[in-house]
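Structure at a glance
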Amino acid sequence: MAVASVTETIQYLTFRLADELFALDIVKVREVLDFTTITKVPRTPDYMQGVINLRGSVVPVVDLRLKLGMTRAEKTVHTCVIIVEVELGGENVVMGAMADAVQEVLDLEPEQIEPPPNLGTRRNMDFIRGMGRPADEFIIILDIDRVFTIEELDLLHEPDPIAVNG
């Protein structure tokens, strides 16, 4: 979705990763949980923390700091898991995204959102929807559907070839 086509106020959940402020469209957020025990799944990437039991459902949890190329953080009393609904390959998948701390729900007007920066690199920056600027601080608005790829989620669903073949 092009930022220029947004004509109405949108609510965003803002959260911290290290010293940076990020945001997700509130319609993608189901709930925010206190950090809980995560069951590690073997042979998954570092950013894949594992899975949690969410009212009887197995929900994969990703450390957003690691997924976005930041350093791992120590868990604190503010560490939380943002439960999001991600569209991957035409289907909705519920996932958890670990964040250092949730800030607030913020209304942003279209004129407060600038297009993602052109950093002059070849890195894929499609996962940044835009840069919010409600005051003096930039907010990196993530497109949560583009932060993850189908291949990454397939890692959680593929049988372990060693276990299958014995």
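Residues numbered from 1 in each chain as written. Predicted model: local features only at pLDDT ≥ 70, side-chain atom pairs only at ≥ 80, totals over all residues. Heavy atoms only, no water.

Quick notes on the overall build of the protein
Along the protein, the regular secondary structure elements total 4 helices and 11 strands. The buried share of the protein, reckoned over its 166 residues, is 43%. The contacts of the protein with a sequence gap of at least 6 include a subset with a gap of at least 24, amounting to 55%. Taken as a whole, the protein presents about 9800 Å² of accessible surface, with 49% of it coming from carbon and sulfur. (Helix = DSSP H or I, 4+ residues; strand = E, 2+ residues; numbered from the N terminus. Buried < 20%, exposed > 50% of the residue type's maximum accessible area, 1.4 Å probe, protein only. Contact = heavy atoms within 4.5 Å. Areas by Shrake-Rupley, 256 points an atom, 1.4 Å probe, with all protein chains shown as cover.)

Some details on the sheet that holds strand S7 (residues 91-99)
In spatial order, the strands read S3-S6-S7-S5-S4; together these 5 strands make up an open sheet with mixed pairing. Among the strands making up the open sheet, the edge pair consists of strand S3 (29-34) and strand S4 (48-54). For this sheet the average axis-to-axis angle between neighbouring strands, irrespective of direction, equals 35°. Judged from the 5 bridges that link them, S3 and strand S6 (residues 80-88) form a sheet pairing that is antiparallel. Each bridged residue has a counterpart across the sheet, and for leucine 33 the counterpart in S6 is valine 81. (Pairing = 2+ DSSP bridges. Axes fitted to C-alpha atoms, helices over the stretch in contact; angles between N-to-C directions.)

Quick look at the pattern of salt bridges
Counted by the stated rule, this structure contains 8 salt bridges. Of the charged contacts in the structure, one is a salt bridge between arginine 30 and glutamate 85, with a shortest N-O distance of 2.8 Å. With arginine 30 in strand S3 and glutamate 85 in strand S6, the pair connects residues that are 55 residues apart, well separated along the chain. Here arginine 146 makes a salt bridge to aspartate 143, at a shortest N to O gap of 3.6 Å. A residue is classified by how much of its surface remains accessible, and aspartate 143, at 10% relative accessible area, is buried. Linked through salt bridges whose partners overlap, the residues forming this network are Asp25, Arg129, Asp143 and Arg146. (Salt bridge = Lys/Arg side-chain N within 4 Å of Asp/Glu carboxyl O.)

Here's the deal with the confidence of the model for the protein
Confidence in the prediction of the protein, expressed as mean pLDDT, is 84, and 81% of residues score 70 or more. Between residues 158-166, whose pLDDT stays under 50, and residues either more than four places distant or in other chains, the model counts 4 contacts. (pLDDT = per-residue confidence, 0-100.)

Side note on the sheet that holds strand S1 (residues 10-17)
Taken together, 6 strands build an open sheet; the order of strands is S8-S1-S2-S11-S10-S9 and the sheet is mixed. Unpaired on one side and paired on the other, strand S8 (101-108) and strand S9 (113-114) mark the two borders of the sheet. One ladder, built from 2 bridges, connects strand S2 (residues 20-25) with strand S11 (residues 139-142); its direction is parallel. Looking at S11, one finds that phenylalanine 22 is bridged to isoleucine 140.

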